[in-house]
Amino acid sequence: MYCLLLLFHASGARAQGLQETIHVNLQAQGNPFPHYWEQMFGSGRAILSLRDSYRRDLREVRDATGFEYVRFHAIFHDEVGVYSEDSEGKPVYNFSYVDQIYDGLLENHVRPFVELSFMPEKLAAEPIYQSFWYRPIVSPPKDYGKWDDLISHFARHLIERYGIEEVSQWYFEVWNEPNLDFWAGKPKDETYFQLYDETAKTLKQVDARLRVGGPATAQAAWVDRFIQHAVENNVPFDFVSTHVYANDTSEDVFGTHEKIPRTEFVCRAVSKVRDQVAASARPNLPLIWSEYNASYKNEPAVTDAEFMGPWLANTIRQCDGLVAMMSYWAFSDVFEEQGVVKEPFYGGYGLIAEEGLPKPAFNAFKLLHELGNTRIPADSPSALVTKREDGTVVMAAWNLFLPEEAGEEKRVTIQISGSARIHRATIERLDSSHGSLLRAYAAMGKPAFPTQAQIQELRNAAKLPAPESITIRQGQLTVVLPPQGLALIGFH
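Bear in mind the structure is a predicted one, so any value in this text is a computation, not a measurement. (Residues numbered from 1 in each chain as written. Predicted model: local features only at pLDDT ≥ 70, side-chain atom pairs only at ≥ 80, totals over all residues. Heavy atoms only, no water.)

**Q** Help me out: how do you make sense of helix H7 (residues 223-232) in this one?
**A** Think of an α-helix as 3.6 residues a turn; residues three or four steps apart then line up on the same face. The set of residues buried in H7 consists of Val223, Phe226, Ile227, His229 and Ala230. Buried residues along H7 cover an arc of 165° about the axis, so they all sit on one side. Residue asparagine 234 follows H7 closely and has a positive phi angle near 55°. (Buried < 20%, exposed > 50% of the residue type's maximum accessible area, 1.4 Å probe, protein only. Helix = DSSP H or I, 4+ residues; strand = E, 2+ residues; numbered from the N terminus. Arc of directions from axis to C-beta.)

**Q** Even after reading the chapter, I still don't get the sheet that holds strand S4 (residues 40-42), so can you show me in this structure?
**A** The pairing of strands in a sheet comes from backbone hydrogen bonds and takes either a parallel or an antiparallel form. Here we have 8 strands rolled up into a closed barrel, ordered S4-S5-S8-S9-S10-S11-S12-S13, and parallel in their pairing. Ignoring strand direction, the axes of neighbouring strands in this sheet form an average angle of 25°. Both S4 and strand S13 (residues 325-328) contribute to a ladder of 2 bridges, which runs parallel. Among the inter-strand pairings, methionine 40 is bridged to a residue of S13, identified as serine 327. Of the strands in this sheet, strand S11 (239-245), strand S12 (287-293) and S13 touch helix H9 (residues 265-278), which is tilted by about 160° from S12. (Pairing = 2+ DSSP bridges. Axes fitted to C-alpha atoms, helices over the stretch in contact; angles between N-to-C directions. Contact = heavy atoms within 4.5 Å.)

**Q** I tried to follow the packing of H7 against H9 on my own but got confused; where do I start?
**A** When two helices pack together, their arrangement is captured by the angle between the axes and the distance separating the axes. Relative to each other, H7 and H9 sit at 20°, their axes nearing to 9 Å. In terms of their interaxial angle, H7 and H9 are classed as roughly parallel. Between H7 and H9 lies a crossing whose hand is right-handed. From H7, Val223, Asp224 and Ile227 reach across to H9, where they touch Val273, Gln276 and Val277. When its residues are assigned to classes, the contact of H7 with H9 shows 4 nonpolar, 1 polar and 1 charged. (Parallel < 35°, antiparallel > 145°, perpendicular 65-115°, else oblique. Left-handed = near helix turned anticlockwise from the far one by under 90°. Nonpolar A, V, L, I, M, F, W, Y, C, P; charged D, E, K, R; others polar.)

**Q** Looking at this structure, I do not really get the side chain of histidine 77. What am I missing?
**A** Along the chain, the position of histidine 77 falls in the loop between strand S5 (69-72) and strand S6 (83-85). In this structure histidine 77 comes out as buried when scored by relative accessible area, which is 12%. Within the structure, the side chain of histidine 77 is placed 2.9 Å from the backbone oxygen of tyrosine 134, a separation counted as a polar contact. Ignoring any residue separated from it by four or fewer positions in sequence, one finds histidine 77 in contact with Ser117, Phe118, Tyr134, Arg135 and Pro136. (Polar contact = N/O pair within 3.5 Å; in protein donor to acceptor, adjacent residues only side chain to side chain.)

**Q** Looking at this model, I keep getting lost on the side chain of aspartate 99. Mind explaining?
**A** Among the structural elements, aspartate 99 can be located in helix H3 (residues 96-107). Under the relative-accessibility criterion, aspartate 99 is labelled buried at 10%. With near-sequence residues (within four places) excluded, aspartate 99 lies in contact with His157, Arg161 and Tyr162.

**Q** Please clarify how the environment of glycine 81 should be interpreted in this entry.
**A** Structurally, glycine 81 is set in the loop between S5 and S6. Separated by 363 residues in the primary sequence, glycine 81 and methionine 444 place their C-alpha atoms 43 Å from one another.

**Q** Any chance you could explain the state of the cysteines here in plain terms?
**A** In a disulfide, the sulfur atoms of two cysteines are covalently bonded to one another. Summed over the entire model, instances satisfying the criterion amount to 1 disulfide. Covalent S-S linkage joins cysteine 267 and cysteine 319, the inter-sulfur distance amounting to 1.9 Å. Residues cysteine 267 and cysteine 319 are joined through a disulfide that is left-handed, its torsion about the S-S bond being -110°. With cysteine 267 in helix H9 and cysteine 319 in helix H11 (residues 308-319), this residue pair connects regions lying 52 residues apart in the sequence. (Disulfide = S-S within 2.5 Å.)

From the geometry alone we can't say anything about function, so treat these as descriptive.
Take a look at the structure:
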């Protein structure tokens, strides 16, 4: 069996800088490597999808990744206008904006991952608002019969408009993070399970082919209890979903006081939940990670920075094989949970900043999209080696440090065997000097409102340079990676 050997030259490494030698057998057999990390993205709430800027960013990210699904909050928020009641308290439905929202996605070849939230004012038991700028109501319904009727009318309308063959390929996720302040039911778990049960049964009554799941929790919570509840009560579910961020705490996610670094936290949580599913009565249930990122806060040194390139690559390496899909939160900074955006680089979650400015994270996804669909086993904690269908071997290598660390460059020597026909490598780079606009933005004084000329200058600075071409001599090449550098290497 082939293995990829990584040798660390520890002796004198600090004096000489970091060094690695990686041996790559180009004929090695591997395992399937589906691009689970780029099949779905999150975004700002439903109504924002009507904006031209949202749709432009959607197209740009889809062109870079080919993603298939988008998830957002608040399809039932009153600003979408779905639900009201007449003077006698009878439900009144209006799907005008719903149609425009979903039409816009489908016209751009992206399907909805439908998060069923939040509560319309007329249907809420109490006027309890979450703290987001757009003030979603997080109360349980005042009448579960009316809630079921809303779900039934909503689902039937979608099927009438788009057809069951289309809508059966969507996902329906019940609510968002009910273990936090997005759900005001008490006790939280029992009242959420009631909401889930009513919703899932109603959807399946409309058509058994509709896919439904939950619990959509924060902090990787409740999945084991959710499965147990649904199985014991014969409640339908087709997948489980949950969330975690790399700066969540061990106390909240694992119930421990471990100091788990941001570079490992997400996949430690994914592994925990994967094990819970495997030990459950439904061990083959799809696990969909419907939110994740390196931070749930606004940290410019994290989500806006070059750090996201190697962090994303390392996360893909660690989570491979553990999850059906992971949904990066979010594809665009057309986003208003904290209010109207005040400057382009404030630590927003999106891959694309205000004014359509691609962040380093966007270019990380763009590069990693080029990886093949077969993974060659590797011992390296800082490399992914893959093979495309045409036989081309493509390798990602990175030099990852925590955002608060200065880091140092790393000299990576790659020794190649398995083919006498390989004579050349192409290298695409993402780091502070390649594919990052942050230096250019700093040089112009970090304007809060860049001019049109400055915006064009920043877009040019964000472009990935043309690939380098390097001759491979005696089966070996060396690549120097700066701190937080990511390289995509193709062997030809």
